Amino acid sequence: MKRQQIMVVGTGVLLLLALYFFGQTVPPQKKQEPSEGGAQGASISRPISTEDILQASQSKLTPTQLEYVTRLQHAVVRGDVKVQQLDASRSLAAFWRDSVQNGFLPFAYYTAEVAKLENSEKSLTFAARIFLESLRGQDNPAIKSWMATNAKELFEKALELNPQNDSTKVGLGASYVFGSTAGSPTEVMQGIQRILEVARRDTSNMYAQFMLGWGGIVSGQFDKAIERLTTVVRHQPANIEAILLLAEVHQQQGNKADAIRWYQVARKLVGNPDMIKEIDQSIQSLR
């Protein structure tokens, strides 16, 4: 099987996961044409910047919304600058989260800005996980690289505050795995080694096992991926992500019976009608 085939985990199963875990917060990604322009259609030949992201997002606002955003962006004046920056960033994050459809990217950016200003382990890891969880479902290389850079920076800042936090170490490693450019073996293995450091020291860390399973998919080590993900499901039988990944890997390898079995397990656990419909379609395609 070609490696590119298994990377369909970035389409089918991630659509299911997006429906279940994110609802409409993170819309399913579609393939972009270079001619689309803007942040969502940025050419993969150059990096995308935060300014690109914000400009492209703001170009879709109504005049009233744009006026509100611009006012907040220039709200910091003399006095307690940090407090003003925090208030403005919090308001901007809330605006993009609650008032704009497809406003996820600026929401994530301003949430990260809040975390950096607060500089607490909790806020930094929270913001980092926002990028990481969405990074796994992103298929635009330019945006993926931007999100990975943000995730890494936030996880690294959190580790400076608490170097012993294994979950943060795993998150940082996963940022390398899922943020790798075109599945770069060097970046993927760098991330996997970071996660392995935790898994070898603590075999009961299912977060590490799960990320190693998905990392095995990304690196083309499918048997190891199945082994890791099966371990996760054995310890966490309601872990939808691990179950769906097992179904997807088996499906891609042509193990139809195993794929159907895991899809059926997932179906019994979910309550999202859209996700159930997607699972039913996946099962039907295997029969």
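Residues numbered from 1 in each chain as written. Predicted model: local features only at pLDDT ≥ 70, side-chain atom pairs only at ≥ 80, totals over all residues. Heavy atoms only, no water.

**A few points about the packing of helix 11 (residues 206-218) against helix 12 (residues 222-235)**
And step 1. Between helix 11 and helix 12, whose axes approach to 7 Å, the crossing angle comes to 150°. Between helix 11 and helix 12, the angle is such that the two are roughly antiparallel. Classified by chirality, the crossing of helix 12 by helix 11 is left-handed. From helix 11, M206, Q209, F210, L212, G213, G216 and I217 reach across to helix 12, where they touch F222, A225, R228, L229, T231, V232 and H235.
And step 2. Across the contact of helix 11 with helix 12, the residue classes tally to 8 nonpolar, 5 polar and 1 charged. (Axes fitted to C-alpha atoms, helices over the stretch in contact; angles between N-to-C directions. Helix = DSSP H or I, 4+ residues; strand = E, 2+ residues; numbered from the N terminus. Parallel < 35°, antiparallel > 145°, perpendicular 65-115°, else oblique. Left-handed = near helix turned anticlockwise from the far one by under 90°. Contact = heavy atoms within 4.5 Å. Nonpolar A, V, L, I, M, F, W, Y, C, P; charged D, E, K, R; others polar.)

**Digging into the pattern of salt bridges**
And step 1. Applying the stated criterion across every chain, the model contains 8 salt bridges.
And step 2. One salt bridge in this structure joins R201 and D166, with 3.0 Å as the shortest N-O distance. With a gap of 35 residues between them, R201 in helix 10 (residues 185-201) and D166 in helix 9 (residues 166-178) connect regions that are remote in the sequence.
And step 3. The partly exposed category is assigned to R201, whose relative accessible area is 49%.
And step 4. Residues joined by salt bridges that share partners form a network here, namely E113, K116 and E153. (Salt bridge = Lys/Arg side-chain N within 4 Å of Asp/Glu carboxyl O. Buried < 20%, exposed > 50% of the residue type's maximum accessible area, 1.4 Å probe, protein only.)

**A closer look at the side chain of S123**
And step 1. As for its placement among the helices and strands, S123 is situated in helix 7 (residues 121-135).
And step 2. With relative accessibility at 13%, the residue S123 sits in the buried group.
And step 3. Leaving out residues up to four positions away in the same chain, S123 has contacts with A115 and E118.

**Remarks on the confidence of the model for the protein**
And step 1. Overall, the predicted model of the protein reaches an average pLDDT of 84, with 83% of residues at or above 70.
And step 2. Per-element mean pLDDT across the protein ranges from 35 in helix 1 (residues 3-6) up to 96 in helix 6 (residues 104-118).
And step 3. Low confidence marks residues 1-12, where pLDDT is under 50. Its contacts with residues over four positions away, or in another chain, come to 23 contacts.
And step 4. Across residues 18-45, where pLDDT falls below 50, the model places 52 contacts with residues more than four positions away in sequence or in other chains. (pLDDT = per-residue confidence, 0-100.)

**Thoughts on the environment of F131**
And step 1. Inspection of the secondary structure puts F131 in helix 7.
And step 2. For F131, the residues in contact, after removing those within four places along its chain, are A108, Y109, A112, W146, M147, N150, A151 and L154.

**Here we look at the side chain of H250**
And step 1. Summarising the element assignment, H250 is placed in helix 13 (residues 240-252).
And step 2. Not counting residues within four places of it along the chain, the set of residues in contact with H250 comprises I226, N255, D258, A259 and W262.

**Considering helix 5 (residues 81-98)**
Each α-helix winds once per 3.6 residues, and so residues spaced three or four apart point in a common direction.
And step 1. Between its first and last C-alpha, helix 5 extends 26 Å over 18 residues, near the 26 Å set by a 1.5 Å rise per residue.
And step 2. All of the buried residues along helix 5 are L86, A88, S89, L92, A93, F95 and W96. (Expected span 1.5 Å × (residues − 1).)

**Focus: the packing of aromatic side chains**
And step 1. Per the stated rule, a full pass over the model turns up 7 aromatic pairs.
And step 2. When the ring of F131 is compared with that of W146, the centres are 5.7 Å apart and the planes differ by 75°; the resulting orientation is edge-to-face. With a gap of 15 residues between them, F131 in helix 7 and W146 in helix 8 (residues 141-161) connect regions that are remote in the sequence. In this structure, F131 and W146 share a single accessibility class: buried.
And step 3. Their ring planes at 85° and their centres at 5.8 Å tell us that F210 and W214 sit as a pair that is edge-to-face. Note that F210 and W214 are positioned in helix 11 at a spacing of 4 residues, about one turn of the helix. Of the two residues examined, F210 and W214, each falls in the buried class.
And step 4. Following the ring pairs from residue to residue traces out a cluster consisting of Y68, F95 and W96. (Phe/Tyr/Trp six-rings, centres within 6.5 Å; stacked < 30°, edge-to-face > 60°.)

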